[in-house]
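# Survey of secondary and tertiary structure
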Number of protein chains: 2
Amino acid sequence: MKIAFIVYERMNALDFIGVYDPLSRLQSMGFLPDLEWEVCGLRREIPGEKGMLFEVTRVAESLAAYDVIVVPGGPGSRSLLHNEKFITWLRTATLIPLKVSVGSGSLLLGQAGFLIGRRATSHPHAFLELEPFCARVDDARIVDEGEVVTARGVTAAIDLGLHLVRRLAGDEARSRIARQMDYPYADLTDYQ
Amino acid sequence: MKIAFIVYERMNALDFIGVYDPLSRLQSMGFLPDLEWEVCGLRREIPGEKGMLFEVTRVAESLAAYDVIVVPGGPGSRSLLHNEKFITWLRTATLIPLKVSVGSGSLLLGQAGFLIGRRATSHPHAFLELEPFCARVDDARIVDEGEVVTARGVTAAIDLGLHLVRRLAGDEARSRIARQMDYPYADLTDYQ
């Protein structure tokens, strides 16, 4: 099981870390000891918020070999919509089994063509922009269409991460990881 | 208004980012346009989770000039409890008006002497370790003792951040930032 966390400039750090934290616990807490992940981007280093730097462990390499890609949202997502190099790179994930996004990251999945015929969600500020890319915008915290899972904004990253934990390792793993993350709201998430 | 985000090795990234996201929006969304922050630690660079690096913007400088310090928890907190250099450095914040922690970060506040005579909380795994440092361990998501505010584990970072937003900028700021963070659980937090 191999996950690619996509990073880019002016993404939202919590969109990334909110999914990263529960997923990485699948490995550290022993549920999926062989779980591996890479931080994937188009440059060696991506400056994050002040004082934060993302060190890209796989630079501009094809995403075809991963089982999951995770695409965060954030202000930078809009500038990438018409960045041909980025979208072409994202499309190397076309055949992988699970593509997920947080917030406006779903616009990038949309531009790559991954939402055609599918329901999807995003940060509420991006609902209108999302419409042309998908069959229907659903106002739910998590929209699971099997091969593609989209989440609403920022803090929904945590709910998405816990949802993926359940898909990858089952209910018991999800409940133990939610407890370790001290997250009392795990069962309040609405799914569609 | 100046905030110091404390970073150290093997801290939990979500403990940091969960508070950082709502607090930094006080500035980016215009509620406190003069808000400033620094990332403070004892070395120029702190390696975070895989692919993440914290670039310390103020290395080993006194914390006395800040209005708020934010101390995350994580596995690394225990090794710092008996690190005299770190604890001595943390004590330079003794006289500042607001000292806050997430999870086992409260053990570090405790070791610095900031919890004497005060109630406090922590990650539930650290409740027993916390007892000797404070007047009483309270099992609440946020314990606000005025000059010191402690939060439970990991995801409580978000609730702490929103609580501080309210203290620093009022209810309207808190509710608008929670909406921007797409956080539906803001009013479920228990305070003591």
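Scroll up a little and you will see the structure.
All of these numbers come straight from a predicted model, not from anything done at the bench.

## What to know about the relation of the copies chain B and chain A
Here the two chain copies are tied together by a rotation about an axis and a shift along that axis. When chain B is fitted to chain A, the best match, at an RMSD of 0.0 Å, comes from turning it 180 degrees and sliding it 0.0 Å along the axis. Such values leave the two copies arranged in the relation of a two-fold axis. Closest approach to the rotation axis among the C-alpha atoms of chain B is made by L53 of chain B, whose C-alpha sits 2.6 Å away. A shared interface surface links the copies, since 100% of the contact residues of chain B are contact residues in chain A too.

## Points about the interface of chain B and chain A
Counting residues at the interface gives 30 residues for chain B, matched by 31 residues for chain A. Those elements that place two or more of their residues in the side of chain B that touches chain A are α1 (13–28), β4 (52–55) and α6 (156–169) of chain B. Among the residues forming the side of chain B that touches chain A, the class breakdown is 17 nonpolar, seven polar and six charged. Sheet topology note: the strand β4 (residues 52–55) of chain A/β4 of chain B ladder contains three bridges and is antiparallel. If you follow L53 of chain A over to β4 of chain B, its bridge partner there is L53 of chain B.

## Considerations on the sheet that holds β4 of chain B
The strands making up a sheet associate through backbone hydrogen bonding, with each pair oriented either parallel or antiparallel. Reading across the sheet, the four strands line up as β3(A)-β4(A)-β4(B)-β3(B) and stay open at both edges, with antiparallel pairing between neighbours. Every other strand in the sheet has two partners, leaving β3 (45–47) of chain A together with β3 (45–47) of chain B as the edge strands with one partner each. Here the average twist between neighbouring strands, direction ignored, is 25 degrees. Judged from the three bridges that link them, β3 of chain A and β4 of chain A form a sheet pairing that is antiparallel. Within β4 of chain A, the position partnered with I46 of chain A by the bridge is F54 of chain A.

## Some points on the nonpolar core
Grouped burial of nonpolar side chains is what soluble globular proteins tend to show. Counting 132 residues, the largest nonpolar core has F5, V7 and L160 of chain A together with F5, V7 and L160 of chain B as its most contacted members. Ignoring anything within four residues of it in the chain, the contact list for L160 of chain B reads V19, V100, V102, I142, V149 and A151 of chain B.

## As for the pairing of strand β1 (residues 2–6) of chain A
All names here are of chain A. In terms of burial, β1 is a largely internal element, four of the five residues being buried. As defined by bridge partners, β1 adjoins strand β2 (residues 36–41) across five bridges and the pair is classed as parallel. What sits directly across from F5, in β2, is V39. With helix α1 (residues 13–28) bridging β1 and its parallel neighbour β2, the resulting β-α-β unit is right-handed. Note: β1 against strand β6 (residues 68–71), three bridges, orientation parallel.

Scoring rules and cut-offs
Residues numbered from 1 in each chain as written. Chains lettered and ligands numbered in written order. Predicted model: local features only at pLDDT ≥ 70, side-chain atom pairs only at ≥ 80, totals over all residues. Least-squares fit on C-alpha atoms with pLDDT ≥ 70 in both. Contact = placed C-beta atoms within 7 Å. Helix = DSSP H or I, 4+ residues; strand = E, 2+ residues; numbered from the N terminus. Nonpolar A, V, L, I, M, F, W, Y, C, P; charged D, E, K, R; others polar. Pairing = 2+ DSSP bridges. Axes fitted to C-alpha atoms, helices over the stretch in contact; angles between N-to-C directions. Core = buried A, V, L, I, M, F, W, Y, C linked by C-beta atoms within 7 Å. Buried ≥ 20, exposed ≤ 12 C-beta atoms within 10 Å, placed from the backbone. Right-handed = clockwise from strand over helix to strand, strands pointing away.

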